[in-house]
Amino acid sequence: MENVSVACIAVCSGKVLIARRNPAGQMGGRWEFPGGKAEPGEDDASAVVREMKEEFGIDVVPGEAVAASSFVHNGQQIALHAYRIFVPHDGMQKHYELTEHSEYRWADVEEIASLHFVDSDLLLYPEVKKYIKESC
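A brief look at the structure comes next. (Residues numbered from 1 in each chain as written. Predicted model: local features only at pLDDT ≥ 70, side-chain atom pairs only at ≥ 80, totals over all residues. Heavy atoms only, no water.)

**Considering the environment of Ala7**
Working step 1: When you line up the elements, Ala7 lands in strand E1 (residues 3–12).
Working step 2: For the pair Ala7 and Gly35, spaced 28 residues apart in the sequence, the C-alpha separation amounts to 4.5 Å.
Working step 3: The contact partners of Ala7, leaving out residues within four places of it in the chain, are Phe33, Pro34, Gly35, Leu80, His81, Ala82, Tyr83, Asp121 and Leu124. (Helix = DSSP H or I, 4+ residues; strand = E, 2+ residues; numbered from the N terminus. Contact = heavy atoms within 4.5 Å.)

Following this line, the structure appears as structure tokens:
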């Protein structure tokens, strides 16, 4: 069975939502696109909606596929699929309720290359950058 993770690409005024992982655990303290593992039998769209509800406390609308990659983590092959998402608000006036992250912010897509980003999301970065520049 293939292991699938989803990355959620929220775009607002040409900036992308990124979040810093809590300090503990693997890749602790590093920046990432929000998302996580799809549960067995769960489709990507459902995983996107569930992950954002669990990790940010918001209901999102999943959009089109943006990028895809794969990597090996702890000896297991992982397929990583990135989707555009539409958030109900920008999280600035009314803050998102974080459960897995210490902070979030809207970053210029060019800035991501200079941040301490998780390796798997950096595999998506060229396609995400191209998508944002062409579509947003």
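There's more to say after this.
**So, the nonpolar core**
Working step 1: One finds Ile9, Ile18, Phe33, Ile112, Val128 and Ile132 to be the most contacted residues of the largest nonpolar core, which totals 23 residues.
Working step 2: Breaking this core down by element, the ones donating at least two residues are E1, strand E2 (15–21), strand E5 (61–73), strand E6 (76–86) and helix H2 (119–135).
Working step 3: No other element matches the five residues that H2 contributes to this core.
Working step 4: Counting 19 residues, the second-largest nonpolar core is a separate cluster that includes Cys8, Ala10, Ile58 and Tyr96. (Core = buried A, V, L, I, M, F, W, Y, C linked by side-chain atoms within 4.5 Å. Buried < 20%, exposed > 50% of the residue type's maximum accessible area, 1.4 Å probe, protein only.)

**Description of helix H1 (residues 44–56)**
Every α-helix winds through 3.6 residues per turn, so residues three or four apart in the chain are directed the same way.
Working step 1: Spanning 13 residues, H1 covers 18 Å between terminal C-alpha atoms, matching the ideal 18 Å at 1.5 Å per step.
Working step 2: Regarding H1, the residues found buried are Asp44, Ala47, Val48, Arg50, Glu51, Met52, Glu55 and Phe56.
Working step 3: Following H1 by one or two positions, Gly57 has its phi on the positive side, about 70 degrees. (Expected span 1.5 Å × (residues − 1).)

**Considering the packing of aromatic side chains**
Working step 1: Counted under the stated rule, the structure contains four aromatic pairs.
Working step 2: Ring centres 6.2 Å apart and planes at 65 degrees place the aromatic pair Phe56 and Tyr104 in the edge-to-face group. With Phe56 in helix H1 and Tyr104 in strand E7 (residues 101–108), the pair connects residues that are 48 residues apart, well separated along the chain. Per residue, the accessibility class of Phe56 equals that of Tyr104, and both read buried.
Working step 3: What links up through ring pairs into an aromatic cluster is the set Phe56, Tyr96 and Tyr104. (Phe/Tyr/Trp six-rings, centres within 6.5 Å; stacked < 30°, edge-to-face > 60°.)

**Considering the layout of surface pockets**
Working step 1: Counted as a void, the largest pocket has a volume near 920 Å³.
Working step 2: Lining of the largest pocket is provided by 39 residues; of these, Ser5, Arg21, Gly36, Lys37 and His73 occupy positions nearest its centre.
Working step 3: Ranked by residue count, the leading element in the lining of the largest pocket is E1, at five residues.
Working step 4: Its residues assigned to classes, the lining of the largest pocket shows 14 nonpolar, 13 polar and 12 charged. (1 Å grid on protein atoms, 1.4 Å probe; cavity = no way out; pocket = protein on both sides within 12 Å on 5 of 7 lines; lining within 4 Å. Points joined across faces, edges and corners; volume = space filled by probe spheres on them. Nonpolar A, V, L, I, M, F, W, Y, C, P; charged D, E, K, R; others polar.)

**Comments concerning H2**
Working step 1: Relative to the 24 Å expected for 17 residues at 1.5 Å per residue, H2 spans 24 Å between its end C-alpha atoms, a close match to the ideal helical length.
Working step 2: At Tyr125, H2 shows its largest bend, some 45 degrees, and a proline, Pro126, comes one to four positions later.
Working step 3: Burial in H2 covers these residues: Ser120, Asp121, Leu124, Tyr125, Val128, Tyr131 and Ile132.
Working step 4: Contacts made by the buried residues of H2 are with E1, E2, strand E3 (31–32), E5 and E6. (Bend = angle between axes of the 7 residues up to and from the residue.)

Everything listed here is a matter of coordinates, which is why it stays silent on function.
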